[in-house]
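Breakdown of the fold
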Amino acid sequence: MQFLDMTVRAKITALGTYVPPRVMTNADFEKIVETSDEWIVSRTGIRERHVVDKGVATSDLAAEAAKRALAERGIDGKEVEAIVVATVTPDMLFPSTACLVQNKLGMKNVWGFDLSAACSAFVYALQTGAQFVQTGAHKKVLVIGADVMSSILDYTDRATCILFGDGAGAVLLEPAQDGEGLIDFEHEIDGAGGCSLYMPGGGSLHPATHDTLSQKMHYVHQDGQAVFKFAVRKMAEICETLLARNNVKASDIDRLSPHQANQRIIKATADRLGLKPESVIINIERYGNTTAGTIPLAMETARQEGHLKKGDLVMLASVGAGFTVGATLLRWAF
Ligand SMILES: CC(C)(COP(=O)(O)OP(=O)(O)OC[C@H]1O[C@@H](n2cnc3c(N)ncnc32)[C@H](O)[C@@H]1OP(=O)(O)O)[C@@H](O)C(=O)NCCC(=O)NCCS
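This report concerns the structure included in the present document. (Residues numbered from 1 in each chain as written. Predicted model: local features only at pLDDT ≥ 70, side-chain atom pairs only at ≥ 80, totals over all residues. Heavy atoms only, no water.)

**Thoughts on the sheet that holds strand 12 (residues 313-320)**
- The sheet built from four strands is open, its strands ordered 8-13-12-11 with mixed pairing. Every interior strand has two partners, whereas the edge strands, strand 8 (181-189) and strand 11 (255-258), have only one. In this sheet, adjacent strand axes meet at a mean angle of 15° when their direction is disregarded.
- Summarising the sheet, strand 12 and strand 13 (residues 324-331) pair through eight bridges and their orientation is antiparallel. Within strand 13, the position partnered with Val314 by the bridge is Leu330.
- With respect to the sheet, helix 5 (residues 121-134) is in contact with strand 8, strand 12 and strand 13, its orientation differing from that of strand 8 by roughly 125°. (Pairing = 2+ DSSP bridges. Helix = DSSP H or I, 4+ residues; strand = E, 2+ residues; numbered from the N terminus. Axes fitted to C-alpha atoms, helices over the stretch in contact; angles between N-to-C directions. Contact = heavy atoms within 4.5 Å.)

So, in structure tokens, the structure goes:
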């Protein structure tokens, strides 16, 4: 294998995740929209998802996941130098969720910001955080993916409300030695796809008014089939590009930790790449699509099942609203 030459790499040294305790099953959705467990499972793979109680926001989930990652590494929040929060559901437009998390955890001497890239936001935030480690600017960067999708779902729209859940995951990035850590990445955006998945209300184009509320503009709007087709094609394409550039064969990949939007998208990606089925992490049945939370939640599932070990060659892959596309190749380091 031949990897890009980087003087200092960043590696993930801790992982923490959090989902709120309340669970909504497919049977719960059968009571509120015209749907069935059979339809949801066969079309998406989802059986249940976690949702917050009223008053719980993205920063709460993010802070809890961060706390768990720091506890795993055995360090205090005061040692963290920067926080990047990937989210499409910030508590509010400003202040940033990063500021809220910093305050909740009592961190000192840290700076940070939010990053918006919908379902690709975790991989984008990971690479953004990694740049500070690779340049030597920082030695400890916290990258968090967190979303409370239930806050922007129309629970009368059966085509979208059954898909998403709430959740968060955090990783700590530190300098790597001996070929561990983040190896390479490939990112791409295609704004022509913006109209296929978006939330039109509440921004500067359509600030909140009675009219925007009555038109349900503060909810997720999606052309499911357009997103599905794009995702099936691009998830595989971006991974192929990354693998080819690094002279890595699909059979060399120990784990694919993909964004969990639809089990059929993940399986089609794995088939097209020719990955070993046992290398593909799928946990969508338990969490649904938690947007920026899916990839760290998938890593945690793999770890709990004993399928993520030091030295494993791991690929992350995502497609999201924007469209945004991303893939990362890394050597798991702990
Ligand atoms: C949303 C998605 C599951 C829908 O599956 P699909 O097979 O494409 O289904 P369609 O949209 O073609 O809808 C088929 C029918 O099921 C119906 N339907 C939609 N949601 C339904 C539900 N929850 N229960 C029952 N029927 C439903 C539709 O109304 C449609 O009925 P019709 O034929 O009478 O018009 C699928 O398109 C998808 O996963 N898209 C990608 C979504 C995604 O990944 N988003 C996040 C990107 S990060």
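Still more ground to cover, so stick around.
**Some details on the pattern of salt bridges**
- Per the counting criterion, the structure on display carries 20 salt bridges.
- Linking Glu180 and Lys310 is a salt bridge whose minimum nitrogen-to-oxygen distance equals 2.4 Å. Of this pair, Glu180 sits in the loop between strand 7 (166-176) and strand 8 while Lys310 is found in the loop between helix 11 (294-304) and strand 12, placing the two residues 130 residues apart along the sequence.
- The buried category is assigned to Glu180, whose relative accessible area is 13%.
- In this structure, the salt-bridge partner of Asp252 is Lys249, at a minimum N-O distance of 4.0 Å.
- For Lys249, a relative accessible area of 53% puts it in the exposed group.
- Each of Glu188, Arg233, Lys234 and Glu237 takes part in one network of salt bridges that share partners. (Salt bridge = Lys/Arg side-chain N within 4 Å of Asp/Glu carboxyl O. Buried < 20%, exposed > 50% of the residue type's maximum accessible area, 1.4 Å probe, protein only.)

**Remarks on the packing of helix 3 (residues 58-73) against helix 4 (residues 97-104)**
- Their axes nearest at 9 Å, the elements helix 3 and helix 4 cross at an angle of 55°. Comparing the axis directions of helix 3 and helix 4 gives the class oblique. The interaxial crossing formed by helix 3 with helix 4 has right-handed handedness. Taking contact as the criterion, the partners of Thr58, Ser59, Asp60, Ala62 and Ala63 in helix 3 are, on helix 4, Thr97, Leu100, Val101 and Lys104.
- Its residues assigned to classes, the contact of helix 3 with helix 4 comprises four nonpolar, three polar and two charged. (Parallel < 35°, antiparallel > 145°, perpendicular 65-115°, else oblique. Left-handed = near helix turned anticlockwise from the far one by under 90°. Nonpolar A, V, L, I, M, F, W, Y, C, P; charged D, E, K, R; others polar.)

**Thoughts on the packing of helix 8 (residues 224-245) against helix 9 (residues 263-273)**
- Helix 9 packs onto helix 8 with a crossing angle of 40° between their chain directions and a minimal axis gap of 9 Å. Judged by the sense of rotation from one axis to the other, the crossing of helix 8 with helix 9 is right-handed. The residues of helix 9 that touch helix 8, namely those facing Phe228, Ala231, Val232, Arg233, Met235, Ala236, Glu237, Cys239 and Glu240, are Arg264, Ile265, Ala268, Thr269, Arg272 and Leu273.
- Partitioning the contact of helix 8 with helix 9 into residue classes produces nine nonpolar, one polar and five charged.

**Quick word on the site of the ligand**
- Lining the immediate environment of the ligand, one finds 24 residues, of which Thr35, Arg43, Gln222, Gln225 and Asn262 sit closest.
- Within the side chain of Arg43, one N or O atom sits 2.6 Å away from an oxygen atom of the ligand.
- One of the side-chain nitrogen or oxygen atoms of Gln225 is found 2.4 Å away from an oxygen atom of the ligand.
- For the ligand, whose accessible area on its own is 960 Å², the fraction buried by protein is 74%.
- Elements supplying a minimum of two residues to the shell around the ligand: helix 2 (37-44), helix 6 (158-161), helix 8, helix 9 and strand 12. (Near = heavy atom within 4 Å. Polar contact = N/O pair within 3.5 Å; in protein donor to acceptor, adjacent residues only side chain to side chain. Areas by Shrake-Rupley, 256 points an atom, 1.4 Å probe, with all protein chains shown as cover.)

**Some points on the packing of aromatic side chains**
- Counting across every chain of the model gives five aromatic pairs.
- Relative to Phe113, the ring of Trp111 lies with its centre 5.5 Å away and its plane at 35°, an arrangement referred to as tilted.
- The exposure class of Trp111 is partly exposed, given its relative accessible area of 40%.
- Here the aromatic rings of Phe230 and Phe323 are separated by 4.0 Å at their centres, their planes lie at 10°, and the arrangement is stacked. Residue Phe230 is found in helix 8, and its partner Phe323 is found in the loop between strand 12 and strand 13; the two are separated by 93 residues along the sequence. (Phe/Tyr/Trp six-rings, centres within 6.5 Å; stacked < 30°, edge-to-face > 60°.)

**Notes on helix 8**
- Here helix 8 spans 31 Å end to end across 22 residues, near enough to the 32 Å set by a 1.5 Å rise per residue.
- Among the residues of helix 8, Val227, Phe230, Ala231, Lys234, Met235, Ala236, Ile238, Cys239, Leu242 and Leu243 are the ones counted as buried.
- In the segment just after helix 8, Asn247 is the residue with positive phi, at about 50°. (Expected span 1.5 Å × (residues − 1).)

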